[in-house]
Amino acid sequence: MGVSEIICILGWLAILFSKDAWWLDIGRFLVGCGIGVLSYVVPVYIAEITPKNVRGTFTSFSQLMIGFGQALTFLTGSLVNWRTLALIGIIPCLVHLLGLFLVPESPRWLAKCGRIKEFEAVLQFLRGENADISQEAADIIEYTENIQWISEDGILYLFQRKYAYSILVGVGLMVFQQLGGLNGFTFYTSVIFESAGKLRDYSNYSCLIERIISIIIEKGRHNSCCMTGFSSKLGTIAAAVVQILMTVLGVLFIDKCGRRPLLLISVAGTCLGCFLTGLSFFLQDLQSGKELIPILVLIGVLVFLGSFQLGLAGIPWIIMSEIFPINIMVSAGSLVTFVSWVGAWIIAVTFNFSFGWSTAGTFFIFAGICGVGILFIAKLVPETKGRALEEIQISITHSLQ
């Protein structure tokens, strides 16, 4: 995490002092590298230090903080120029970097390295001075010792039958998270603006989700004579509120309802939201139901965003941090994170073409992908609520043996 934050700081400095596009590209690249590592390391670290009964809540709480951070950036970006925003971006990196001096190392990593005294001290510190850690410590040490002889930490070692299930679940969840529609909005916002013919001069960096809502609502209103008093700004505010509320609900219920139920509800909701949004543009193409289009677009987008934030935004990262044995944690996590960002890149490359080809068809395709995601989660994704990491990993590893 420390190295990643240093890379992010260097990236923000490159953007802040950039004189041409190359420095902007370098800065974006460095920030992307730092965030790419943090997106994997942070949920893994949280999962490794928290008790099993609150692990999901703590991990999903980080997703809530990301939502608040986006909202704060949206507000700040509307008040300052982009260089000032880059300077402000350094602040949380520095806070995190300095805060790491007060944060203990992962006890499971210490156990893996054979630093047993440090492991016990850190685990006692995390659980509280008067907590009895004897059973938990014994389970972690036993599990770690049982796999010490397995030196299989490499990409090539992942493609074995005993790891097939965990790799399939981890990779599959990231595929459906990325290909379900959200990143099409975030990565091609400017192209969507131009295609909609609205807000061409919007230059401030802001939360991309809220920006795309405005465009879709405006596009839905373009050929409609009704609801002339409807404000796209109102839709933007509604989207932001819905996202925060649904993320809070996810945090509250993830360790009560479990990962699978929230994921199923989340993916079903994104499927419905994509279908409703696609249907609205389909009606627009047919010049039919003009009175219904603005409402249908708003409902579809809010349903999609709210459902996504409920589970699909954060739970795949939580499950990914729970299912991989410690001997393949690095390589498996790297593979899953790589697949996640490649999926985002694929959407970035193809979304502009598909959106130009057929607006309605694009959302119907996303709805179909989400529909397949429902079946994938129902059939393959295990429930990890209330189970120790070692218990989860042993059961998954031995399920195909």
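Going by the structure above, here's the rest.
Residues numbered from 1 in each chain as written. Predicted model: local features only at pLDDT ≥ 70, side-chain atom pairs only at ≥ 80, totals over all residues. Heavy atoms only, no water.

1. Things to note about helix 2 (residues 21–49)
Part 1 of the argument: Its 29 residues give helix 2 an end-to-end C-alpha distance of 42 Å, which sits within 8% of 42 Å, the value for a rise of 1.5 Å per residue.
Part 2 of the argument: At Leu 38, helix 2 shows its maximal bend, which comes to roughly 25 degrees.
Part 3 of the argument: Where helix 2 starts, the residue carrying a side-chain oxygen 3.1 Å from the main-chain nitrogen of Trp 22 turns out to be Asp 20. (Helix = DSSP H or I, 4+ residues; strand = E, 2+ residues; numbered from the N terminus. Expected span 1.5 Å × (residues − 1). Bend = angle between axes of the 7 residues up to and from the residue. Polar contact = N/O pair within 3.5 Å; in protein donor to acceptor, adjacent residues only side chain to side chain.)

2. Some remarks on a nonpolar patch on the surface
Part 1 of the argument: A surface patch of nonpolar side chains, about 380 Å² in accessible area, is lined by Ile 6, Leu 10, Leu 13 and Phe 17.
Part 2 of the argument: In this fold, Leu 10 is placed in helix 1 (residues 2–16).
Part 3 of the argument: Overall, the relative accessible area of 47% leaves Leu 10 in the partly exposed class. (Patch = residues over 30% accessible without salt bridge, like charges linked within 9 Å, V, L, I, M, F, W, Y side chains within 5 Å. Areas by Shrake-Rupley, 256 points an atom, 1.4 Å probe, with all protein chains shown as cover. Salt bridge = Lys/Arg side-chain N within 4 Å of Asp/Glu carboxyl O. Buried < 20%, exposed > 50% of the residue type's maximum accessible area, 1.4 Å probe, protein only.)

3. Side note on the packing of helix 2 against helix 16 (residues 329–357)
The relative placement of two packed helices comes down to the angle between their axes together with the axis-to-axis distance.
Part 1 of the argument: Their axes nearest at 10 Å, the elements helix 2 and helix 16 cross at an angle of 135 degrees. Taken as axis vectors, helix 2 and helix 16 run oblique relative to one another. The handedness of the crossing between helix 2 and helix 16 comes out as right-handed. Residues Gly 36, Ser 39, Tyr 40, Val 44 and Glu 48 of helix 2 touch helix 16, and the partners they reach there are Met 329, Val 330, Gly 333, Ser 334, Thr 337 and Trp 341. (Axes fitted to C-alpha atoms, helices over the stretch in contact; angles between N-to-C directions. Parallel < 35°, antiparallel > 145°, perpendicular 65-115°, else oblique. Left-handed = near helix turned anticlockwise from the far one by under 90°. Contact = heavy atoms within 4.5 Å.)

4. Concerning the environment of Trp 345
Part 1 of the argument: The topology assignment puts Trp 345 in helix 16.
Part 2 of the argument: Taking the C-alpha atoms as reference, Trp 345 lies 10.0 Å from Leu 179; in sequence the two are 166 residues apart.

5. Structural notes on the nonpolar core
Part 1 of the argument: If you look at the biggest cluster of nonpolar residues, it comprises 56 residues, and the most contacted ones within it are Leu 173, Leu 263, Ile 319, Met 320, Phe 324 and Val 381.
Part 2 of the argument: When contributions to this core are tallied by element, the ones reaching two or more residues are helix 2, helix 8 (161–179), helix 13 (259–285), helix 14 (293–312), helix 15 (315–323), helix 16, helix 17 (359–380) and helix 18 (389–398).
Part 3 of the argument: Examining the composition of this core, we find that nine residues originate from one element, helix 14, more than from any other.
Part 4 of the argument: Not counting residues within four places of it along the chain, the set of residues in contact with Met 320 comprises Tyr 40, Pro 43, Val 44, Met 174 and Val 336. (Core = buried A, V, L, I, M, F, W, Y, C linked by side-chain atoms within 4.5 Å.)

6. Details of the environment of Ser 395
Part 1 of the argument: Take Ser 395: it is sitting in helix 18.
Part 2 of the argument: Residue classification places Ser 395 among the partly exposed residues on the basis of a relative accessible area of 31%.
Part 3 of the argument: Taking C-alpha positions, Ser 395 is 9.3 Å from Ile 323, a pair spaced 72 residues apart along the chain.

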